[in-house]
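Structural description and commentary
The primary structure of each chain is shown beneath.
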Amino acid sequence: MRRIIFLILGVAFALALSGCAADPEVGPRFRVRNDRATDADLQVKTSGGSTININNVTPNTTSEYQEVATGRVDITATMKGETVSFTANFIAAVNSNYTVVVANTTPASVNIVSP
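Reference entry: report on the structure contained in this document. Small disclaimer: the values here were computed from a predicted structure and weren't measured.

A short note on the environment of Val26
For Val26, the location among the structural elements is in the loop between helix H1 (2–19) and strand S1 (29–34). Taking the C-alpha atoms as reference points, Val26 and Glu67, separated by 41 residues in sequence, lie 9.0 Å from one another. Excluding its chain neighbours within four sequence positions, the residues that come into contact with Val26 are Val94 and Asn95.

Thoughts on the side chain of Asp41
The residue Asp41 is located in strand S2 (residues 40–46) in this model. Side-chain polar atoms of Asp41 contact the backbone nitrogen of Asn56, separated by 2.7 Å. Leave out the neighbours within four places in its chain, and Asp41 touches Ile54, Asn55, Asn56, Thr76, Ala77, Thr78 and Lys80.

Section: the sheet that holds strand S3 (residues 51–57)
Read across the sheet, 4 strands follow the order S3-S2-S6-S7 without closing on themselves; strand pairing throughout is antiparallel. Sheet topology places S3 and strand S7 (85–92) at the edges, where each strand pairs with a single neighbour. This sheet shows a mean twist of 20° between the axes of neighbouring strands, independent of strand direction. Pairing geometry for S2 and S3, over 5 bridges, is antiparallel. Across the sheet, the residue bridging to Ala40 is Val57, located in S3.

A few points about the pairing of S1
The side chains of a regular strand alternate between both faces of the sheet. Of the two faces of S1, only one is covered, namely that formed by Phe30, Val32 and Asn34; the face formed by Arg29, Arg31 and Arg33 stays uncovered. Bridging between S1 and strand S5 (residues 66–67) involves 2 bridges; their strand directions are antiparallel. Pairing of Arg29 across the sheet is with Glu67, part of S5. As paired elements, S1 and strand S8 (residues 97–103) share 6 bridges and run parallel to each other. Among the inter-strand pairings, Val32 is bridged to a residue of S8, identified as Val100. Note: S1 against strand S4 (residues 61–62), 2 bridges, orientation antiparallel. Residue Asn34 lies in a different strand from S4, and its bridge partner there is Thr61.

Cut-off values and rules
Residues numbered from 1 in each chain as written. Predicted model: local features only at pLDDT ≥ 70, side-chain atom pairs only at ≥ 80, totals over all residues. Heavy atoms only, no water. Helix = DSSP H or I, 4+ residues; strand = E, 2+ residues; numbered from the N terminus. Contact = heavy atoms within 4.5 Å. Polar contact = N/O pair within 3.5 Å; in protein donor to acceptor, adjacent residues only side chain to side chain. Pairing = 2+ DSSP bridges. Axes fitted to C-alpha atoms, helices over the stretch in contact; angles between N-to-C directions. Buried < 20%, exposed > 50% of the residue type's maximum accessible area, 1.4 Å probe, protein only.

In structure tokens:
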């Protein structure tokens with residue numbers, strides 16, 4: 001009887017420890033913040049071969065997060081009424097969030113912020 005109690009306690013303890021395991025890895029995510037006075041359109045190319053288009057990011061707003069593949073991420077941004085495109089890139093890592101900032105500068109620029 002004593003062995004059964006120890007066996008049950010041992011199994012319960014093992015299950016409790018496995019429940020405390022670290023959270024599973026989450027893919028990298030990014031969002032777009034437009035600090036300019038005009039709409040911005042962005043094309044995001046990932047090292048995984050995907051292309052994500054984020055269009056009409058209105059002035060002074062931030063988009064929702066979107067997941068991307070780990071590795072290099074290339075961004076091309078165009079602003080309404082401007083003929084020049086602006087580029088930036090970053091290396092996306094697991095469990096990381098990034099904000100692509102379309103800066104209110106002259107000329108416009110795109111910066112990457114990793115909180």
